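One-letter residues, chain by chain:
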Amino acid sequence: MHSARPSEPTIASLRDSSGAAAGDSLARYWTFYRAVADAQLARWLPRRPSRVLDISGGHGRTADRAAGAGHAVLEVRDPERAGRSAARGEPGRPGRGTTPLVGDSGTLSYLVDASVDAVVAENRVLSRHLATEATIAEIARVLRPGGRVLLCVDSLTLGMALLAERNYWAHLSDVPSAEVVLVPWPDGTITRSFSSHQLRELLADAGLDVEWIRPRTALSPSTVEHVLAESPDALPRLIRTELSAGRPDESLGFHLLASARRAGRPA
């Protein structure tokens, strides 16, 4: 007899893709999530060796994978995080093929125009930079013609679900007409959520051509948890299913993944 399908987890438990905020309740889903993210990054990265800027703040995960694929990676570490690591006595961990840069991942003023071939803004970093327009403009500035950006942000689905979970009904009623949706989290942080239309418009306003927008995972956390609880060896099959999903509904999912290109031909 099959066990009962688990209910969807609380939305607040999905704020941190490291899984730290979710405890053990979503351990299987986050394993799946990270494996899918790794596979999506591997598919997206340039085929030839390139200079890649990583502003994800993901403690080296995306930077190390890009470097492992043969790229020269500049990994931006915000001063606050770099200071915390130093205070704990953690070494500055330059990986093979990565160069750490201590600076503001929201401004990029320390980089010259058209200096990188690709930018990776994973780990929902652009949802934490509330003035996302300014950061996207900086990304477009440092990209060479033909260069691309891969980014992940909180979806409007996630934002509205969290507002409802916390009984912010007045905020919810304003969402349909709001140009900017800011979401307060239980831990006191504030993030910005996007519909696919808002994200497409934001990228276009910065002069970037949108290649595609899709949910990070079309499979829901409850579905993944249920399948992996029943069949722990089903992870590779779930990943293949996710990657072959074609063009899933952009409104699905808690996080949106997008790829965009700066106009022009590579030098």
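Residues numbered from 1 in each chain as written. Predicted model: local features only at pLDDT ≥ 70, side-chain atom pairs only at ≥ 80, totals over all residues. Heavy atoms only, no water.

(A) Structural context of the packing of helix 1 (residues 27-44) against helix 9 (residues 221-230). Where helix 1 meets helix 9, the closest approach of the two axes is 8 Å, and the angle between their N-to-C directions is 105 degrees. By the angle between their axes, helix 1 is roughly perpendicular relative to helix 9. Contacts between helix 1 and helix 9 involve Ala27, Arg28, Tyr29 and Phe32 from the first element and Pro221, Val224, Glu225, Leu228 and Ala229 from the second. Tallied by class, residues from the contact of helix 1 with helix 9 come to seven nonpolar, no polar and two charged. (Axes fitted to C-alpha atoms, helices over the stretch in contact; angles between N-to-C directions. Helix = DSSP H or I, 4+ residues; strand = E, 2+ residues; numbered from the N terminus. Parallel < 35°, antiparallel > 145°, perpendicular 65-115°, else oblique. Contact = heavy atoms within 4.5 Å. Nonpolar A, V, L, I, M, F, W, Y, C, P; charged D, E, K, R; others polar.)

(B) Local environment of unusual backbone geometry. Phi at Leu108 takes a positive value of approximately 60 degrees, unusual for a residue other than glycine. Along the polypeptide, Leu108 turns up in the loop between strand 3 (98-102) and strand 4 (116-121). Owing to a relative accessible area of 0%, Leu108 belongs among the buried residues under this scheme. We note that Arg124 has phi near 60 degrees; this positive angle belongs to a residue other than glycine. If you trace the backbone, Arg124 turns up in the loop between strand 4 and helix 4 (125-128). (Buried < 20%, exposed > 50% of the residue type's maximum accessible area, 1.4 Å probe, protein only.)

(C) Layout of the side chain of Thr98. For Thr98, the position within the fold is in strand 3. Each residue touching Thr98, except ones within four places of it in the same chain, is listed here: Ala63, Asp64, Ala67 and Val73.

(D) Structural view of a nonpolar patch on the surface. A cluster of nonpolar side chains, namely Leu130, Val180, Leu182 and Ile190, defines an oily patch on the protein surface of about 300 Å² accessible area. Note on placement: Val180 falls in the loop between helix 7 (169-174) and strand 6 (181-184). Classification of Val180 as partly exposed rests on a relative accessible area of 40%. (Patch = residues over 30% accessible without salt bridge, like charges linked within 9 Å, V, L, I, M, F, W, Y side chains within 5 Å. Areas by Shrake-Rupley, 256 points an atom, 1.4 Å probe, with all protein chains shown as cover. Salt bridge = Lys/Arg side-chain N within 4 Å of Asp/Glu carboxyl O.)

(E) Structural context of the nonpolar core. Ranked by internal contacts, the top residues of the largest apolar core, which has 28 residues, are Leu53, Ile139, Leu151 and Leu199. Every element with two or more residues in this core is listed here: strand 2 (72-77), strand 4, helix 4, helix 5 (132-142), strand 5 (143-155), helix 8 (196-205), strand 8 (208-215) and strand 9 (255-262). Ignoring anything within four residues of it in the chain, the contact list for Leu53 reads Leu74, Val76, Leu108, Leu111, Val116, Ala118, Val119, Val120 and Val142. Residues Tyr33, Leu41, Val73 and Val227 belong to the second largest nonpolar core, which totals 26 residues. (Core = buried A, V, L, I, M, F, W, Y, C linked by side-chain atoms within 4.5 Å.)

(F) Seen up close, the packing of aromatic side chains. What the rule picks out here adds up to four aromatic pairs. Centre to centre, the rings of Tyr29 and Phe32 are 6.2 Å apart; their planes meet at 45 degrees, and the pair counts as tilted. Note that Tyr29 and Phe32 are positioned in helix 1 at a spacing of three residues, about one turn of the helix. For the residue pair Tyr29 and Phe32, the accessibility class agrees, reading buried in each case. (Phe/Tyr/Trp six-rings, centres within 6.5 Å; stacked < 30°, edge-to-face > 60°.)

All quantities given are derived from atomic positions and should not be read as evidence of function.
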